[in-house]
Amino acid sequence: MHSPLGEALTDPKVVDRPRQPAGSSVELLERDAQINQLRAAYAQVQEGTAGGCALVCGEAGIGKTALVQAFLATLTPETQPLVAGCEALFTPRPFGPLVDLADRFPPSVSSALHQGRTDNNLFPALLAYFKQAKVAPVLVIEDAHWADAGTLDFVRHAGRRLRDTRLLLVLTYRNDEFEADHALRRVLGDLPSATTLRMAVPPLSAQAVSVLAKVSNRAAQRLYEATGGNPFYLTEALASPGSDVPPSVSDAVLARLARLPPTARAVAELVSLCPARAERALLQAVAQPQPQDLDACLGVGLLEAAGDTLAFRHELARMAVYQSLRPHQREAWHGAIFAALKTLTAQPTSLARLVHHAEAASMNNEVAELAPLAAREAASTGAHREAARLYGLALKLGSQADPAVRADLLEARAHECLLTNLHDRAMRARLEALALRRAMGNTLAVGVNLRWLARLHWLLGGANAAAFQHAEQAIAALEQLPPQRELAAAYSTLSHLHLVGENMVAAQRWGARAIALAESLGDPEALSHALNNVGSARLRLGRDEQGWQMLERSLALALEHQLEPDAARAYNNLFIVSVMQRDHQRGLAYAEQGIAYSEAKGIDIFTVRMRIRRAFAYLQLGLWAQADQDLAALDARHTPAPMEQATLQFVRSILALRRGQAGAEPQLMAALADMERYRVEIWFTSTAAVRAEVAWLHGDPDGVVLAVEPALAQAVAMNDPWRCAELSAWLGRARHPVPPAPGRVETAYALEAAGDWRAAAAEWARLGCPYERALALAQGGEPALREALVILEGLGANATAECVRRLLHELGAKGVPRGPREQTRGDPLGLTAREREVFALVLKGLSNAAIAAHLHRSERTVENHVARVLAKAGAGTRTQLIATVAAEDAAARRRPQNRY
């Protein structure tokens, strides 16, 4: 599929007006462009050998389903599209939409889907089925915002392989109900742009509403004000003959409901308790409706039939009916549905669905019994946040459970919370579990919980006294028992605390004890963890081939034995050590693998950590637009824990500082204060080096020395050559004598600290680090300073470029290129005239290609302009920029005008 798919269409084959979808009660207005985009995407799939993915998003009721139905109505009868939807269950059932389509697939695939199996052959088998189709297939998955983890895994798997499959995958989802860390955000963000069409469905305009109002003899302005152009609101309002626009969708839906006979109304109310659909057999088992009751519901347009199921035409309508029920009605009917589902044998009922109805029916015993099973099922598919919620539900409703059972649930919940950055909740669960295990006299379990508490204390407050205390207590408890794997894990935990606490000798000592015990017991988990610790500690102290081998072995063990958190941690540390040693290409390869692995397994803690550090690597490599993208992805898709949030703000503030953005320095100081409060120790740079950079940018060499000397003394004491070299380089940049320091590694920093700025600049060039190269050149004479200035201006490092201009002026250099013009300095965002042009075109929604054509520039040039505009505006994406400007404009319109 060619890129971009979203360009305006000019081919007459695909611009004729689409047919009206069957059953539509309102003419489909202002959707031609979107339908033609879908048709063009499918035409490319038909004509080529590659598939594509179309993302159709919009608010609830905006008409995504109607849009897709209109597109499907334009296809030839041979296409036979596959259409299914996700459900709004408390716990989505595994592979929900794919299970609904299972009978269309080969028996082996159908069986795996019905059983919720996630073996390695399922997704390839599905893609193989699509590849063999004679006519390019269309698969539509609606309401993907409710998708279960298995379905999201399929979308991720298929989305990355569409180049090899003649399939058009269409996803619809709501974009107004996304939480910052919604799993779907991560999946959509990683889909390849070359095969992905992203389409937002807008509200109808006032003109379109006016057309519909005239047909129904309604007051157009009031109709538009009441509905905001939402097609669902319009549908409901226009379907209420003889009345004004309803004050709310609920009123409109309930008015229609009231027109039904009581027995038919009961059917609609019962269906409202079933997210997405209700089987006729289920309705018959619970309410024994007559055929005329079903016909009445279908006749007024509340429900629609699909095979042997009934569903509301709109989710908002279902919710309106559901919320109108009295609490005791809901509970009674949820209980009846639960009982009926357990007796229906035509098709196995998903565990998730049973939990949904049992929870809504306040069937505490049943939920307490089923929720742990559902939680384990969720965890097995990588839905760790979902698993944590279910374990919490089981604990809440099973408070009288046997202490041992409750402790098991608490420990399981703590583990799931840990993987999803819910560290406070994990801490509370571990503390309660510890108290129960102590009361039971279970020394082994006491030691295990103490070990995990040590890790949680570190995550919440760095390598603090409480973390070490709990690790030491764990070891003391476990050493009372015969040697076993839990003791090896406790040794490794203490090794890790020393590692992050900057005591590499102790980290290696305790790690060696863990390795010896784990190898004697044949325990791969403790061995993988300890190898990671010791390998990392060795590499902190120099270039150590054995350290690399230990880290690689740690990763191999974790992958071989499916130790998912340990594998993610191994990828993380391999990446961080590579960045620390400024071997960025090696590091980025680990990062790409590690982020993909962590996201696939739902291990947010390491996904967040690696994205933050990859943003820093991009910063070093001069790929600042890519750094912006990683930082924006973190904002949009994740909720970092406090330690990582502080590190995220630290990296973001460095970027803003170098660009010369307003308020960058106070933001950086706040981030540094948070890092100190949480005792965050980073390896990829040092906070002292960044404080030194701030002083250097201010032309304050004494400030550089003041920032560096205490930290350098600590680095010398721990024999850390990497940090010593970086900090010593800053002393050299401040023209301050550089004291002797550990010199076991030769780095660009070390060359600069030794006064050989030319060799340092050449080494930074070899490593592909333009900003650091410019800083090294800034230690030279006028020619070197001019070269540095060109590099910095190309990066958009305005603050650093201004510092270099100052140095040139101090040398008496003539014809020094000016910084931003007066016009730019007067611009609210510091935009140049060209950037202001690009800014305006971005706000109009133009793509890079369209902007390039408008300005007669290359797409690459426009891409750089757009990156600088987003950076200066403090926006991570174009959408964020447009939304921010719109919000500011709206706020300005609401402010009272000065009449004087």
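Rules and cut-offs
- Residues numbered from 1 in each chain as written.
- Predicted model: local features only at pLDDT ≥ 70, side-chain atom pairs only at ≥ 80, totals over all residues.
- Heavy atoms only, no water.
- Helix = DSSP H or I, 4+ residues; strand = E, 2+ residues; numbered from the N terminus.
- Buried < 20%, exposed > 50% of the residue type's maximum accessible area, 1.4 Å probe, protein only.
- Contact = heavy atoms within 4.5 Å.
- 1 Å grid on protein atoms, 1.4 Å probe; cavity = no way out; pocket = protein on both sides within 12 Å on 5 of 7 lines; lining within 4 Å.
- Points joined across faces, edges and corners; volume = space filled by probe spheres on them.
- Nonpolar A, V, L, I, M, F, W, Y, C, P; charged D, E, K, R; others polar.
- Axes fitted to C-alpha atoms, helices over the stretch in contact; angles between N-to-C directions.
- Parallel < 35°, antiparallel > 145°, perpendicular 65-115°, else oblique.
- Left-handed = near helix turned anticlockwise from the far one by under 90°.
- Pairing = 2+ DSSP bridges.
- Right-handed = clockwise from strand over helix to strand, strands pointing away.
- Expected span 1.5 Å × (residues − 1).

> Whenever I open this one, the overall build of the chain confuses me. Can you help?
A count of helical and extended segments in the chain gives 46 helices and eight strands. Within the chain, the fraction of its 900 residues that count as buried is 55%.

> Help me understand the environment of Ile603, please; the structure alone is not making it clear to me.
Within the secondary structure, Ile603 is located in the loop between helix H29 (584-601) and helix H30 (604-620). Accessibility expressed as a relative area gives 0% for Ile603, which makes it buried. Put simply, Ile603 and Gly382 are 221 residues apart on the chain and 7.9 Å apart in space, counted from C-alpha to C-alpha. Setting aside residues up to four positions removed in sequence, Ile603 forms contacts with His384, Leu419, Glu564, Pro565, Ala568 and Ser598.

> What am I meant to see in empty space enclosed by the protein here?
Take a probe with the size of a water molecule and roll it over the atoms, and the empty space left behind shows itself. Under the counting rule described, the total for this entry stands at four cavities of 30 Å³ or more. Of the pockets and cavities examined, the largest cavity occupies roughly 300 Å³. If you trace the largest cavity, you find 19 residues lining it, with Trp458, Val500, Arg609, Arg613 and Glu681 closest to the centre. Mapped by element, the contributors of at least two residues to the lining of the largest cavity are helix H22 (443-461), helix H24 (485-500), helix H28 (564-580), H30 and helix H32 (642-659). With four residues, the single largest contributor to the lining of the largest cavity is H28. Residues belonging to the lining of the largest cavity are distributed by class as follows: nine nonpolar, four polar and six charged.

> How should the packing of helix H1 (residues 32-47) against helix H2 (residues 64-72) be read in this particular structure?
The relative placement of two packed helices comes down to the angle between their axes together with the axis-to-axis distance. Packing of H1 against H2 brings their axes to within 9 Å, and their N-to-C directions diverge by 50°. It follows from the interaxial angle that H1 and H2 lie oblique. When the axes of H1 and H2 are compared, the crossing they make is right-handed. Here Gln34, Ile35, Leu38, Arg39 and Tyr42 of H1 lie close against H2, whose contacting residues are Leu67, Ala70 and Phe71. Among the residues forming the contact of H1 with H2, the class breakdown is six nonpolar, one polar and one charged.

> Before we go on, may I ask you to explain the pairing of strand S4 (residues 168-174) in this structure?
Within a regular beta strand, the side chains point alternately toward one face of the sheet and then the other, so they alternate between its two faces. Among the seven residues in S4, seven count as buried, and that is most of the element. Taking every second residue as pointing to the same face, both faces of S4 are buried, with Leu168, Val170, Thr172 and Arg174 on one and Leu169, Leu171 and Tyr173 on the other. By the bridge criterion, seven bridges tie strand S1 (residues 52-58) to S4 in an arrangement that is parallel. Looking across to S4, one finds that Gly58 is bridged to Arg174. Bridging between strand S3 (residues 138-142) and S4 involves four bridges; their strand directions are parallel. Paired with Val140 across the two strands is Val170, which belongs to S4. In this fold, the crossover linking S3 to S4 by way of helix H6 (residues 149-159) has right-handed handedness.

> Just checking my understanding: could you explain the side chain of Arg658 for this structure?
Mapped onto the elements of the fold, Arg658 is located in helix H32. Using a relative accessible area of 5% as the deciding quantity, one classes Arg658 as buried. Excluding residues within four positions of it along the chain, Arg658 makes contact with Leu619, Trp624, Glu693, Tyr771, Glu772, Gly796, Ala797, Asn798, Ala799 and Thr800.

> What is the right way to look at unusual backbone geometry in this model?
Leaving glycine aside, a negative phi is the common case for residues, and trans is the common case for peptide bonds. A positive phi angle, close to 70°, is found at Glu502, a residue other than glycine. On the secondary structure map, Glu502 appears in the loop between H24 and helix H25 (504-521).

> Help me understand helix H16 (residues 327-343), please; the structure alone is not making it clear to me.
Since there are 3.6 residues in each turn of an α-helix, residues three or four apart along the chain are aligned in direction. Compared with the 24 Å implied by 1.5 Å per residue over 17 residues, the 25 Å span of H16 between its first and last C-alpha is a close match. By the burial criterion, the buried members of H16 are His334, Gly335, Ile337, Phe338, Ala340 and Leu341.

> I would appreciate a short explanation of the sheet that holds S4 in the present structure.
Taken in spatial order, the five strands line up as S2-S3-S4-S1-S5 in an open sheet, and their pairing is parallel. Each edge of the sheet is formed by a strand with only one pairing partner; in this case those strands are strand S2 (82-85) and strand S5 (196-200). Averaged over all pairs of adjacent strands, the angle between their axes in this sheet comes to 15°, without regard to strand direction.

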